Amino acid sequence: MTTSRFPEPTFGDRLELIEERSAALRAAAGKADPSVRVPGCPDWSVADLVGHVAEVQRFWAATVAAGPALRPPADAAGPGREPSVDLMEWSARSTRVLLDALNAVGPDAGCWTWWAESGNPATSGAVARHQVQEAAVHARDAQDAAGTPEPVPSVVAVDAVDEFLHVGFGSLDGWPHAPARVRLVSDEGPAWMLILDETGASVVRGGAGGAPQVGATLSGSASDLLLGLYRRAPWDGDPLRLTGDAALVRQLAVWPPLG
């Protein structure tokens, strides 16, 4: 991995991380009762979670393979799991389908993405980056359900926070409250300034920590920041450290929809 202040995993790194985090999800899910509810996704059982990630991986495999488009391919979901195929086996096959599709086109191929209008890259490399995040957060969900939660690995979490702020927040409509700035500072070093106004959200890596216009600062490990962004951890209390306007942070915590 690169050792820059804002580490950028290579395309190959991200493929390895998709495989690793998907395997971590299956390992944790295998230790849990398949019918147990997932704390981070209470409408899902562990079996639902494993199936969801498999379906998502097949969706993006088909989308990447289809190339540039204004909408995803009609058959992007791919074939469902045959009753005779074990869920974990189908999940492993789905991960391989995604990795094969990404390997086949490389990092720079254009494709449909839901975030294209945000100005962020609509490429196979961007899909790989997002799929690391998807697998990592859901692996943590499976670990929670199994009673064995682990931090999201730092190399994944730092890149995922950066991607979430630029793509997730950057794809949202205008901020519905007074203009504000929120700084996020990871224990690993990287920090971000989130600028909120009527146009939506923009992000600056780093940012002036002592600037008077900063309404609130959230500090913690990149894993805890990521889990906070995904509403798996509270934003205004342990394990994150908050200074500044707690009401602003509570507004921000419920602003982005998590579809």
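The structure under discussion appears in the preceding block.
As the structure is a computational prediction, the values presented were derived from the model and not from experiment.

Engineer: Any chance you could break down the packing of helix H1 (residues 11-29) against helix H3 (residues 87-105) for me, citing the residues and the numbers?
Structural biologist: For the pair H1 and H3, the least separation of the axes is 11 Å and the interaxial angle reads 175°. With respect to each other, H1 and H3 are oriented roughly antiparallel. On H3, the residues that touch Phe 11, Leu 15, Ile 18, Glu 19, Ser 22, Arg 26 and Ala 29 of H1 are Met 88, Ser 91, Ala 92, Thr 95, Arg 96, Leu 98, Leu 99, Leu 102 and Asn 103. In terms of residue class, the contact of H1 with H3 is built from nine nonpolar, four polar and three charged.

Engineer: If you had to explain the nonpolar core to someone new, which residues and values would you point to?
Structural biologist: The biggest cluster of nonpolar side chains holds 58 residues, and the ones touching the most others in it are Leu 102, Phe 169, Trp 192 and Leu 252. The next biggest cluster of nonpolar side chains, apart from the first, holds 18 residues, and it includes Ala 29, Val 38, Trp 90 and Ala 139.

Engineer: So, the pattern of salt bridges: which residues are in play, and what are the values?
Structural biologist: Applying the stated criterion across every chain, the model contains 13 salt bridges. Its salt-bridge partner being Asp 144, residue Arg 140 comes within 3.4 Å of it at the nearest N-O pair. Here the residue Arg 140 and the residue Asp 144 both occupy positions in helix H4 (residues 124-146), the gap between them amounting to four residues, near one helical turn. When salt bridges with common partners are traced through the structure, they connect Glu 8, Arg 14, Arg 129, Asp 159, Asp 162 and Arg 205 into a single cluster.

Engineer: Residue-level account of the packing of helix H2 (residues 46-66) against H4, with values.
Structural biologist: Running from N to C, H2 and H4 cross one another at 175°; their axes reach a closest spacing of 10 Å. In terms of orientation, H2 and H4 fall into the roughly antiparallel class. Contacts between H2 and H4 involve Val 46, Leu 49, His 52, Val 53, Val 56, Gln 57, Trp 60 and Val 64 on the former and, on the latter, Ser 124, Val 127, Gln 131, Glu 134, His 138, Asp 141, Ala 142 and Ala 145.

Engineer: Hey, could you go over unusual backbone geometry for me, with residue numbers and the actual values?
Structural biologist: Residues other than glycine seldom take positive phi values, yet Arg 231 does so here, at roughly 60°. Here Arg 231 lies in the loop between helix H6 (222-229) and strand E7 (241-244).

Engineer: So what about the packing of aromatic side chains? Which residues, and what values?
Structural biologist: Going through the model one piece at a time under the given rule, you end up with nine aromatic pairs. Centre to centre, the rings of Phe 59 and Trp 112 are 6.1 Å apart; their planes meet at 85°, and the pair counts as edge-to-face. Here Phe 59, found in helix H2, pairs with Trp 112, found in the loop between H3 and H4; they are 53 residues apart in sequence, far enough to count as distant. Owing to a relative accessible area of 23%, Phe 59 belongs among the partly exposed residues under this scheme.

Engineer: Give a description of the side chain of Ser 94 that names residues and reports values.
Structural biologist: Here Ser 94 is to be found in helix H3. Ignoring sequence-local partners within four residues, the contact set of Ser 94 consists of Ala 54, Gln 57 and Arg 58.

Engineer: Provide a residue-level description of the environment of Gly 168, including the pertinent values.
Structural biologist: Positionally, Gly 168 belongs in helix H5 (residues 154-168). Distance in space between the C-alpha atoms of Gly 168 and Pro 121 is 13 Å, their sequence separation being 47 residues.

Engineer: Go over H6 with me, naming the residues and quoting the values.
Structural biologist: The buried fraction of H6 is high, at seven of eight residues. Those residues of H6 not exposed but buried are Ala 222, Ser 223, Leu 225, Leu 226, Leu 227, Gly 228 and Leu 229. Packed against the buried residues of H6 are H4, H5, strand E3 (180-186), strand E4 (191-197) and strand E6 (216-220). In the stretch just after H6, Arg 231 is the one whose phi turns positive, near 60°.

Engineer: Before we move on, can you summarise the environment of Arg 81 with the specific residues and values?
Structural biologist: Position of Arg 81 relative to the elements: it lies in the loop between H2 and H3. Once the C-alpha coordinates of Arg 81 and Gly 51 are considered, the two residues, 30 residues apart in sequence, prove to be 8.7 Å apart. Beyond its immediate chain neighbours, meaning those up to four positions away, Arg 81 contacts Asp 86, Leu 87 and Trp 90.

Engineer: I'd love a proper account of helix H7 (residues 246-253), names of residues and values included.
Structural biologist: Every α-helix carries 3.6 residues per turn, so stepping three or four residues along brings you back to the same face. Leu 248, Val 249, Leu 252 and Ala 253 are the residues of H7 that are buried. For H7, the buried positions fall inside an angular range of 135° around the axis, keeping them on one side. Where the residues of H7 are buried, they touch E3, E4, E6 and E7. Where H7 starts, the residue carrying a side-chain oxygen 3.0 Å from the main-chain nitrogen of Ala 247 turns out to be Asp 245.

Definitions and cut-offs
Residues numbered from 1 in each chain as written. Predicted model: local features only at pLDDT ≥ 70, side-chain atom pairs only at ≥ 80, totals over all residues. Heavy atoms only, no water. Axes fitted to C-alpha atoms, helices over the stretch in contact; angles between N-to-C directions. Helix = DSSP H or I, 4+ residues; strand = E, 2+ residues; numbered from the N terminus. Parallel < 35°, antiparallel > 145°, perpendicular 65-115°, else oblique. Contact = heavy atoms within 4.5 Å. Nonpolar A, V, L, I, M, F, W, Y, C, P; charged D, E, K, R; others polar. Core = buried A, V, L, I, M, F, W, Y, C linked by side-chain atoms within 4.5 Å. Buried < 20%, exposed > 50% of the residue type's maximum accessible area, 1.4 Å probe, protein only. Salt bridge = Lys/Arg side-chain N within 4 Å of Asp/Glu carboxyl O. Phe/Tyr/Trp six-rings, centres within 6.5 Å; stacked < 30°, edge-to-face > 60°. Arc of directions from axis to C-beta. Polar contact = N/O pair within 3.5 Å; in protein donor to acceptor, adjacent residues only side chain to side chain.

These figures capture arrangement, not role.
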